[in-house]
Amino acid sequence: MPMKPFNHLSILLAGCLALAATAQAQSFVNFEARQTSPVRLSPDGSRLFAVNTPDARVSVFDVSSPFNPILIAEIPVGVDPVSVNPLNNDEAWVVNEVSDSVSIVSVSRRVVTDTLYVKDEPADVVFANGRAFVTAARKNQIVVFDIATRALLASIPVFGENPRALAVNTNGTRVYAAFALSGNRTTLIPPDLAPPQPTAGMSAGLPPPPQVGLIVDATDPAWSGVIQYTMPDNDVVEIDTASLAVTRYFPRVGTVNMGIAVRPNSGDLYVANQDARNLTRFEPVLNGFFVTNQVSRINITSGAVTRFDLNAGFHPTTFTLENKTNALAQPVAMAFGPSGSFYYVAAFGSDRVARVDANSGAISARIDLCPTAPGSVADPRNKRGPRGLAIRPGSALYVLNRLANTISVVSLGTESVVREIPIGSHDPTPAVIRNGRGFLYDAKVSGNGTVSCASCHIDSDMDMLAWDLGDPQGTLATNVTVLPQFAFTNTSVFHPMKGPMTTQTLRGLKGMDPLHWRGDRSNFFHFIGAFSSLLGGPGLSGSDMRDYTNYINTIVFQANPNLNLDRTYPTAFAGGNPRAGFTNFTVTQYAPGLSCNTCHALPTGTARFIIPAAALEESQDFKIPHLRNMYQKIHFTRTPGAQSIGGFGFVHDGMDPDLITFLSRPVFQTFSQPAAAGIRSNINAFVMCLDTGIAPSVGYARTLVATNVNTASLSNDWTLLETQATALTNCNLIVKGTVDGQLRGFVYQPAFNNYRPNTTNLPAMTRTQLRAKILAGDTLTVMGVPIGSGTRLGIDRNEDGVLDGDTPVPALRILAGNNAAVVAWSTNASNFLLEAAATIPPASWKAETSLRGRVGGEFTVTNSPATTNRFFRLREL
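Since this is a predicted model, take the numbers as computed values, not measurements. (Residues numbered from 1 in each chain as written. Predicted model: local features only at pLDDT ≥ 70, side-chain atom pairs only at ≥ 80, totals over all residues. Heavy atoms only, no water.)

Draft legend 1. Inspection of the overall build of the protein chain at higher detail. Across its full length, the protein chain carries 15 helices and 47 strands. Here the protein chain holds 877 residues, and 61% of them are scored as buried. By sequence separation, contacts in the protein chain at least 24 residues apart represent 61% of the contacts at least 6 residues apart. Surface exposure of the protein chain reaches about 30,900 Å², of which carbon and sulfur atoms provide 54%. (Helix = DSSP H or I, 4+ residues; strand = E, 2+ residues; numbered from the N terminus. Buried < 20%, exposed > 50% of the residue type's maximum accessible area, 1.4 Å probe, protein only. Contact = heavy atoms within 4.5 Å. Areas by Shrake-Rupley, 256 points an atom, 1.4 Å probe, with all protein chains shown as cover.)

Draft legend 2. Up close: the pairing of strand E6 (residues 91-96). Among the six residues that make up E6, six are buried, leaving the element largely enclosed by the rest of the structure. With burial as the criterion, each face of E6 is covered, one bearing Glu 91, Trp 93 and Val 95 and the other bearing Ala 92, Val 94 and Asn 96. The hairpin formed by strand E5 (residues 81-86) and E6 contains four residues between the paired strands. Inspection of the sheet shows E6 paired to strand E7 (residues 101-106) by six bridges, in the antiparallel sense. The residue bridging Asn 96 from the neighbouring strand is Ser 101, located in E7. (Pairing = 2+ DSSP bridges.)

Draft legend 3. Molecular detail of the sheet that holds E6. The antiparallel open sheet is built from four strands, whose spatial order is E5-E6-E7-E8. Strand pairing shows two members of the sheet lacking a second neighbour, E5 and strand E8 (111-117), which therefore form its edges. Averaged over all adjacent pairs, the angle separating strand axes in this sheet is 25 degrees, with direction ignored. Of the pairings in the sheet, the one linking E5 to E6 comprises five bridges and is antiparallel in character. Each bridged residue has a counterpart across the sheet, and for Pro 86 the counterpart in E6 is Ala 92. (Axes fitted to C-alpha atoms, helices over the stretch in contact; angles between N-to-C directions.)

Draft legend 4. Broad picture of the pattern of salt bridges. Scanning the entire structure with this criterion turns up 36 salt bridges. Here Asp 468 ties to Arg 281 by a salt bridge, and the two come within 2.8 Å at their closest N and O atoms. Within this pair, whereas Asp 468 is found in strand E31 (residues 466-468), its partner Arg 281 is found in the loop between strand E20 (269-276) and helix H2 (283-286), the two being separated by 187 residues in sequence. Linking Asp 544 and Arg 381 is a salt bridge whose minimum nitrogen-to-oxygen distance equals 2.8 Å. (Salt bridge = Lys/Arg side-chain N within 4 Å of Asp/Glu carboxyl O.)

Draft legend 5. Structural view of the side chain of Lys 444. Examined against the element boundaries, Lys 444 turns out to sit in the loop between helix H5 (438-441) and E31. With no salt bridge to any partner, buried Lys 444 finds its closest opposite charge in Asp 368, at an N-O distance of 4.4 Å. At a separation of 3.4 Å, a polar atom in the side chain of Lys 444 contacts the main-chain carbonyl oxygen of Val 377. Leaving out residues up to four positions away in the same chain, Lys 444 has contacts with Lys 324, Gly 349, Ser 350, Arg 352, Asp 368, Ala 373, Pro 374, Gly 375, Ser 376, Val 377, Ala 378 and Gly 449. (Lys, Arg positive; Asp, Glu negative; His and termini not counted. Polar contact = N/O pair within 3.5 Å; in protein donor to acceptor, adjacent residues only side chain to side chain.)

Draft legend 6. Expanded view of the environment of Gly 801. Its place among the elements puts Gly 801 in the loop between helix H15 (790-794) and strand E42 (823-824). Along the backbone, Gly 801 and Thr 791 are 10 residues apart, and their C-alpha atoms lie at a distance of 10.0 Å.

Draft legend 7. Quick peek at the side chain of Thr 703. Topologically, Thr 703 is positioned in strand E37 (residues 701-704). Looking at Thr 703, its side chain comes within polar contact range of the side chain of Thr 781, at 2.8 Å. Setting aside residues no more than four positions away along its own chain, Thr 703 makes contact with Val 112, Thr 113, Asp 114, Thr 115, Asn 708, Leu 714, Thr 779, Leu 780 and Thr 781.

Draft legend 8. Looking closely at empty space enclosed by the protein. According to the stated counting rule, one finds 14 cavities of 30 Å³ or more in the structure shown. The computed volume of the largest cavity comes to approximately 130 Å³. Residue lining of the largest cavity: 18 residues in total, with Met 464, Ile 645, Gly 646, Gly 647 and Phe 648 positioned closest to the centre. Taken together, the residues of the lining of the largest cavity break down into eight nonpolar, seven polar and three charged. Along the wall of the second largest cavity there are 16 residues; nearest its centre are Phe 28, Thr 53, Pro 54, Arg 402 and Arg 437. Partitioned by chemical class, the residues of the lining of the second largest cavity number six nonpolar, four polar and six charged. (1 Å grid on protein atoms, 1.4 Å probe; cavity = no way out; pocket = protein on both sides within 12 Å on 5 of 7 lines; lining within 4 Å. Points joined across faces, edges and corners; volume = space filled by probe spheres on them. Nonpolar A, V, L, I, M, F, W, Y, C, P; charged D, E, K, R; others polar.)

Have a look at this one:
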């Protein structure tokens, strides 16, 4: 490789590091991780496991008294845990989206005992036939491990977009995965083959609309001459747990499939989903009703699909206040009662849970979760956001609320909330996120309560679809763009009938103004009009929109999984050389004075200018888009006879299936020539690996025990993480686990090449000393975390300046009890109250102190000098 490209590469890396430093200025970095199955009961129903996503922990509750969950353990896991599944009362598997891992935890030991690496963006885990099945959502794979040995058995490719939620049939012979972003068989007719836009009803005085593409059903016979590929539209996949073979796919279930459950007795599948109405053209027609919120039943024998609209009878123009009061938006999770006659479904966008008849789809109850927003009342700042359900038959339903980071305890007898408790003893979510996040997800700010921004921007990201949100009754808009490097000023006039545009992500928007494909929104605040024009609501106040904007600016991309762990570019990827591609991107000119980097300026891939239509050989002016998530758009093909997962690819309308096709356009002159095939492949490979501003070492973890600490792979990874932390711009490095049997945390100090502990009672330790402790029987997990978060995640959880190990253990105050209770406590509790008091113990009773200092746990109270132990349950005040 010539020296000059490497000099440019250094400039690129410097830019990426600066971008990362900006994104990670705070100790809390918002990846807006997508919870899938965040709460589950242990097999015997006595313990409840819940992920504390913002605090990178899993919480364990004793629910032997179902309406009074007692927090007995908080165990640090990977970055942004999104799902948990307990194998038994002591062992649970926790899926960490940002860490690309599964943390296997022991409740009794309060530590991670093993870490399994699963790329990319793992989402859920279930157990069947002695095996653990994990969805690798971004890789479109199901990864299988042996439960006992933890050995990797298979990585099963599946033909569908973004598998997340999992379910197991009643006898454990089949596992089912729902494709979260499966699409709906819609695709694009390119502009040169599409008919002109309809002008009937267009406002007088508007010029002719631009020639644009057309969104169609891929099976529409009218377009069979153009669409020569097929789209199976797979929504659920079935896998044999013995052979690990894909046995069936189930199509036409829904567009965005977030939750899946198996019905007891019948074995039928039920999928909580949305169905997009993107075949319907124009924003005024879609106003307030652009998705259908539903649950689909799949007959497990025939595969037949029956859809149940959760808002049946709503009419786009005549909905009533009662409709809005009862609306159920963005269904995400389900839980069946033991008889299988009914299920509960969580409506994430509506802050309510509904009880639904499994046969008819009739809704018999709606349970509001937010006391400040009953019925049709909207209160985005206090939105709960129900994301997971766990049912304890005959007593309670536990609802995990993503946005509030709480658990609502619902009585099955009264179908009402009897208690709401925090998931953990600490929530680090900053106020800027809490104050603005609800405006993305709250469907109650829409006109009829059924849609929100997140109906398309799923978890702040994309739905992988295109929409035609033009407005024939709209007006022309003007935007002036200055291109100083060309001494050129461009005045863009935007026609309101803009044609199909693919949904863009809301991640990484800070500093990317102007926004939208055409740059017709000067900044995010400019989207305030969409709350009435598209959502059909009354709109937001200026202060509400400012809070929403500030929250959006906190969301960052995860690391590009195609980069090497040390943040270098590979030499071979997708048929090209990314390092050579960097040179082709930044130096090689496709026309005099023009390279890719001229417009797609690194590190983000955009100079943010609006380019005239003529220069692009398009019918409209377009803003130069960033390139940081291009690797997520690769599952569309136009190859005749091929099957395509998605219906849309690259550029504004999704017309191009890959970047090689895009670079073959005549506008790219020398790049478009047959002789430049290698250059196109290299540039494609480079863009597929483009640094997002977050280092791949963020979240990467290895668990070290005596039997593996001396292995080369573990030692090399530990060294890699130290090197990445020493760079000061890639990650911080923390260590969690036990030292001399005591729970400890550490943060790596590159300047001293040692590890600072979570207590002032211990000196800093070297890696050699930590290794010796591991060889003596301790268990430690080393993990890269975002820059700025090492102290919080490693040694000072609440950032109060008092290290976690120095926080005093509160004294226990026993008021009363019976002989069937258990004491539980945590290190930050200031007082306790005994639950279910029956008798007052004699004054001679005393609390043992042998377990003091542990974070949560069971505490024995003995009747001295008698030998009989009695147990008490206490609740923190």
